[in-house]
Structure formats: C-alpha cells, structure tokens
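# Architecture and fold: a report
Each chain, letter by letter, is given below.
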Amino acid sequence: IPVDPFDLVVFGGTGDLARRKILPALFRRFQAGQMGESSRVIGAARSDMDAEAYRGFVRAAIEEFDPQAASDSAALEEFLGRLSYVALDAKGTAGWDKLAGEVSAGRIRAFYFSVGPGLFGDLAQRLHDYGMADHDSRIVVEKPFGRDLASARALNRGLAQHFQEHQIYRIDHYLGKETVQNLMAVRFGNMLFEPLWNSQYVDHIQITVAESVGVGGRGDYYDRAGAMRDMMQNHLMQLLCLIAMEPPAKFDPDAVRDEKLKVIRALDPVAPDNVVRGQYQAEGDKPDYCTQVENPDSRTESFVALKAHISNWRWAGTPFYLRTGKRLKDRASEIAVVFKEAPHSIFGAGAGRHRNILTIKLQPNEGIELGVTIKEPGPGGMRLIDVPLDMTFAEALGPDSADFPDAYERLIMDVIRGNQTLFMRGDEVEAAWAWTDPIIEGWEERGEAPQPYASGSAGPDDSLMLMHRDGRRWREIK
Ligand code: BG6
C-alpha cells in the first residue's frame, strides 16, 4: 500500500550510510509499491554534482549493496527518475534556495540528517530560515546522538528550537529489526510468559550483540566512540528496555517510550568491577585494533561487557548481563531469558539440573527458541534432557517470512507514516547517557586500558569471570 506522497531529503546523501542502507532501502520500498507516483528523494551534500551524476552514484550504490534488487533494471531506472540532487553548504547559504525550491509545500517533507551530530543544529536552523520547518516537516537524526549527556542535551535543545518532539525521529535501527518487534509481540501477545517475567522466576537475562567484523573503514569515528558509545548506550540499552519494561497500555509511541524510560531510570549505577572492556588483537593478516584505527596508543574499547541491576519491584535481584564487541567468534545477537530451576527435583540428583531458557535470536537466523526439559526417550529410567521448542521464522512460517523489510525500510516508512513508536524520544536518549557517562568517566579518571582479546574469541577472560564469579556463564556465541 503506497504511503502518502512525500519528499525525502537525505543530507549526507553521498555518505556511507546513504550508500549502504538508506538508498537501497528506499529502492526496495519503491519496488514494493510503497512510494507513490509523485514521491521523490533529494540527495543533498557538499559535493558539486548534478542530478544525473547523483543518479549514477545511487545506481552504483544499489548495485553494490543490493545486487539482487538492482537486477530489476527497469524498476531501478524508474526509481532513479525520482531522484534529484542539491549541492549545499550546511553551515552557509549556498544551495539552500535551490533546496527550498525542490521540496513541495503541502505534502509530507522528511529531512534525513545522515551526517555527524555536529551539523544537526545547523541543518535545523537552515531548514527554519528557508521556510522548510513547518508542521508537515519531520526530521530523522542518526546516532550517535551526542557523546555524553551534556552534548545530547545541547543537541535536543538545538533541534527543539525549530521542531517539536513529535517531528523528531531519532533512529536506533535495532528497533526496526523484525525480531526486536517480535519481542514485544511475544511478551504482550501471550499469556504464557508475562506471569513468569520477573525476579521470582527469572534467574538472569543475557544480551549479546557479537560482530565478527572489525572497525573497518570507520576507524576515525569509532576510535572516538568505542563500544560503549557506539553500541551499548543505544542498541543494547534499547533491547534491555524492551525486555524489562512494564506492559504499556497501548502500542503507541508515548505509552511505549514512557515504559522504556522508566527502565533506564531504574538502573543502578554500575560498579567498576561489574564492567569489562576489551580491545582485539591481530589475527593472521587481520590487523589489531590500534593498527586498524591508526592510533598506536588507543585506549578505546572494541568490546564491553557489564552486569546491570534494575531496582524496581519486578527485577530487584535479577542481574542483566550485556556484552557487545567486534572481531568476535561469530556474528550472533540474541537475548536469553534464563529461568530459575524448579524448586525441588522429584527425580533426584541423578536427573541433573535443568532450567528453561527463552532465546530471542536477532541475527543471523531470526527466531525464538524455548528450551524445555523432557524425559530422555528410552528405557533408561527418568533421565532428563533439554530440547528446544524452536520457532525459526523461516522454518515455521515458510521461506517468504524471512523476506521481511530490513530495519531501515521499516523505519523510513514509519517516518513517512508519522509513527514514532520505534524511535527514541529525547528524554530517553538523555537518560541513557546519564547512565553510561559515569562508567566512561570512571575509565578515563582511572586511566584504564582495555584488556586485549584474541580475534575470533568470545572476548577478554574477565568477561567470562564476570559471569563465573556469580556461578553463571555466557551462552556460546554461534
Ligand atoms: C551500528 C554501529 O549502529 O550498528 C556499528 O555503529 C555496528 O559499529 C552496527 O557494526 C551493527 O548493526 P547490525 O544491524 O549489523 O547488527
């Protein structure tokens, strides 16, 4: 179903994110028939090029990052026909009159700030100065949303001068992932889980976002950010919020975001011995972290693991273990809800210790798995084993079910539809920084260096210890 006609301006339209994600996502939505006839996309960036050159640039990007979609060359040409380009200076006046002439009044106008946060304020100001900040406009801002609480507040204040909160879409692409939304469906669409979803029944929760890639060509940005700012403050905290929040009364933006905010505000400060940082070492022909970011003395972490506590009635006493890192064993992200053991085993000590684990797999194979304990088949007596009740989406729902829109496709269309449920509100982002800031400041004050870990491993040994000393262990990354 096509969405209402829109003009979407992509600032940073020649940048890496635009090439890899935004433009291919728009093309796929176009192919799916969602971009009505008069909707248009306008690239905007510093480079001096004309619309024809930009179309060539976008064609190359889509061919590189989504060759399968690009093989529909008739559709691709038609999509390219919807594109134009404006060269402009975000801090000056050049190009802005032209841009104002390109976007039409009286229809949805979305401005995607796919640029560093240093330009957010300037772009908002120019949009206002050139008459593009009216009630039909909305802006989309990418992470990182600042680098600490003070800078995030300043950004929020800058944007608020010209846009109201309901016009600001702060992207966290993890919220657009299919399984992340499914997490809410599983929690609040079933009777089965919610009564057990608390510290009385849940032993602990693990959230892992493991990547096998290194920092790649983004060394400059990454070395100033690190895993804490790049992943933990946003993606992992969002997952934590969705898994821990109280049921919102409705699936609507403020109801959901109010509940997420309460979780962040209930987080205890993290003691230094409950956080582990790591930095990857070289492996074969793959360089170590410092070489890759061209900073031999870098103390930036490419891995972080921590133990968090939520001080509220539901979760007091249930630890949440979170970890994320680059150059780990595999690309594997999941949330595991590990339930407590049954209070008493009627089968005796020989039956072993068993507990149910609900695993929500985010990637690569999206799905949900519930480990249940059953009798081992055969005559051997009452021996218990754990087997998975598996709902890998592709298997359960057929191969087409794996063909869902990617996070960016969904989120961009939500912007056009005006649905903010899967976007972060300003106070949420600030609360998240307020929680991570003291952790980062502690490292800086103590001059702590991250621990080296072998590429292809599960991270530094101390991260394993973080669990072991509590008598628990991380699930395998696979
Ligand atoms: C981005 C981070 O937000 O998320 C990257 O900046 C990271 O460092 C990426 O690689 C991971 O996203 P995904 O969707 O591949 O898990």
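Counting restarts for each chain, with residues numbered from 1 along the sequence as it is written. Where local features are concerned, this predicted model is filtered to residues with pLDDT of at least 70; where side-chain atom pairs are given and counted, the filter is 80 or more; whole-chain, interface and lining totals use all residues. Hydrogens are left out, water is left out, and the side-chain values use all remaining heavy atoms of the structure.

### Quick look at the overall build of the protein chain
- Per the secondary structure count, the protein chain includes 15 helices and 15 strands.
- Taking 23 Å as the expected radius of gyration for a compact globule of 478 residues, we find that the protein chain reaches 24 Å, a close match to that expectation.
- In terms of overall dimensions, the protein chain has a C-alpha envelope of 80 × 50 × 45 Å along the principal axes.
- With 478 residues in all, the protein chain has 53% of them scored as buried.
- Contacts in the protein chain between residues at least 24 apart in sequence constitute 76% of all its contacts with a sequence separation of at least 6.
- Summed over its atoms, the accessible surface of the protein chain is roughly 20900 Å², and 51% of this surface lies on carbon and sulfur atoms. Strands are runs of DSSP state E lasting at least 2 residues, helices are runs of H or I lasting at least 4, and numbering of each runs from the N terminus. With C-alpha atoms as the basis for the radius of gyration, the globule rule is written as 2.2 Å multiplied by the number of residues raised to the power 0.38. Burial classification: accessible surface area is computed with a 1.4 Å probe over protein chains only, and a residue below 20% of its type maximum counts as buried, one above 50% as exposed, and the rest as partly exposed. Residue contacts are defined here by distance: any two heavy atoms, one from each residue, within 4.5 Å place the two residues in contact. Here, Shrake-Rupley sampling with a 1.4 Å probe gives the accessible areas, and only protein chains in the shown set may cover a residue.

### Some remarks on the layout of surface pockets
- The pocket and cavity definitions rest on a 1 Å grid over protein atoms only: a 1.4 Å probe that fits but cannot leave marks a cavity, an open set with protein on both sides within 12 Å along at least five of seven lines marks a pocket, and residues lining either have an atom within 4 Å of a point. Grid points are joined across faces, edges and corners, and a volume is the space filled by probe spheres set on the points. Here the second largest pocket defines a volume of roughly 810 Å³.
- Along the walls of the second largest pocket sit 34 residues, with Glu334, Ile357, Arg475, Glu476 and Lys478 positioned nearest its centre.
- Those elements giving two or more residues to the lining of the second largest pocket turn out to be strand S7 (202-210), strand S11 (332-339), strand S12 (357-363), strand S13 (367-375) and strand S14 (384-392).
- Of the residues forming the lining of the second largest pocket, the biggest block, four residues, is contributed by S11.
- Here the term charged refers only to Asp, Glu, Lys and Arg, the term nonpolar to Ala, Val, Leu, Ile, Met, Phe, Trp, Tyr, Cys and Pro, and the term polar to all other amino acids, Gly among them. Of the residues in the lining of the second largest pocket, the class split is six nonpolar, eleven polar and 17 charged.

### Some remarks on the pattern of salt bridges
- Salt bridges, as used here, are contacts in which a Lys or Arg side-chain nitrogen is within 4 Å of a carboxyl oxygen on Asp or Glu. By the definition in use, this model includes 42 salt bridges.
- We note a salt bridge from Arg20 to Asp16, for which the minimum N-O separation is 3.0 Å. Here Arg20 pairs with Asp16, and both are found in helix H1 (residues 16-31), just four residues apart, close to one helical turn.
- Since its relative accessible area comes to 37%, Asp16 is described here as partly exposed.
- Of the charged contacts in the structure, one is a salt bridge between Arg355 and Asp203, with a shortest N-O distance of 3.7 Å. Residue Arg355 is found in the loop between S11 and S12, and its partner Asp203 is found in strand S7; the two are separated by 152 residues along the sequence.
- Under the relative-accessibility criterion, Asp203 is labelled buried at 14%.
- Each of the salt bridges in this network shares a partner with another, and the network as a whole consists of Arg28, Arg29, Asp66, Asp406 and Glu409.

### Looking at the sheet that holds strand S4 (residues 108-113)
- Pairing is parallel across the open sheet formed by six strands, whose spatial order is S3-S2-S1-S4-S5-S6. Single-partner strands in this sheet number two, and they are strand S3 (83-87) and strand S6 (168-170). Averaged over all pairs of adjacent strands, the angle between their axes in this sheet comes to 20 degrees, without regard to strand direction.
- Relative to S6, strand S5 (residues 137-141) runs parallel, the two being bridged by three bridges. Of the residues in S6, the one forming a bridge with Val140 is Tyr169. Strand pairing requires that DSSP identify at least two bridges connecting the strands. Only C-alpha atoms enter the line fits that serve as axes; for helices the fit covers just the stretch in contact. Angles between N-to-C directions range over 0 to 180 degrees.

### Some thoughts on the pairing of S7
- Burial runs high along S7: nine of the nine residues are buried.
- As paired strands, S7 and S11 are joined by eight bridges and run antiparallel to one another. Bridge assignment links Ile205 to a residue of S11, and that residue is Val337.
- As paired strands, S7 and strand S10 (residues 320-325) are joined by six bridges and run parallel to one another. Looking at the pairing, Ile207 lines up with Leu322 of S10.

### Considering the site of the ligand
- The environment of the ligand is formed by Lys143, His173, Tyr174, Lys177, Glu211, Arg218, Asp230, Met231, His235, Lys326, Arg331 and Gln363.
- Here a polar contact means two N or O atoms within 3.5 Å. Within protein one must be a hydrogen donor candidate and the other an acceptor candidate, and residues neighboring in sequence count only if both atoms are side-chain atoms. Measuring from an oxygen atom of the ligand, one finds a side-chain N or O atom of Asp230 at 2.6 Å.
- Compared with its free state, where it exposes 390 Å², the ligand has 83% of that area covered by protein.
- If you tally residues by element for the shell around the ligand, the top one is helix H9 (residues 219-244), at three residues.
- Across the shell around the ligand, the residue classes tally to two nonpolar, three polar and seven charged. Definition of nearness: a residue and a molecule or strand are near each other if at least one heavy atom of the residue lies within 4 Å of the molecule or strand.

### Overview of the sheet that holds S10
- One open sheet accounts for nine strands, arranged S14-S13-S12-S11-S7-S10-S9-S8-S15; its pairing is mixed. Edge positions in the open sheet fall to S14 and strand S15 (451-453), since each of these has one partner strand only. Each strand axis lies, on average, 20 degrees off the axis of its neighbour in the sheet, ignoring direction.
- With nine bridges joining them, S13 and S14 adopt antiparallel strand pairing.

### Observations regarding the UniProt feature "binding site: substrate" (unreviewed entry) in the protein chain
- UniProt positions are given in the numbering used here, feature names are shortened, and annotations may be inferred rather than shown by experiment. Per the UniProt annotation, the sites labelled "binding site: substrate" (unreviewed entry) are His173, Lys177, Glu211, Asp230 and Lys326.
- Tracing the chain through its elements places Glu211 in the loop between S7 and H9.
- Reaching out from Glu211, the side chain makes a polar contact with the side chain of Lys326 at a distance of 2.8 Å.
- On the basis of relative accessibility, which here comes to 5%, the residue Lys326 falls in the buried class.

### Digging into unusual backbone geometry
- Here Lys143 and Pro144 are connected by a cis peptide whose omega angle stands at 0 degrees.
- Here the amide bond leading from Gln363 into Pro364 is cis, since omega sits at 5 degrees, within 30 degrees of zero.
- Mapped onto the secondary structure, Pro364 falls in the loop between S12 and S13.
- Unusually for a residue other than glycine, Arg327 sits at a positive phi of about 55 degrees.

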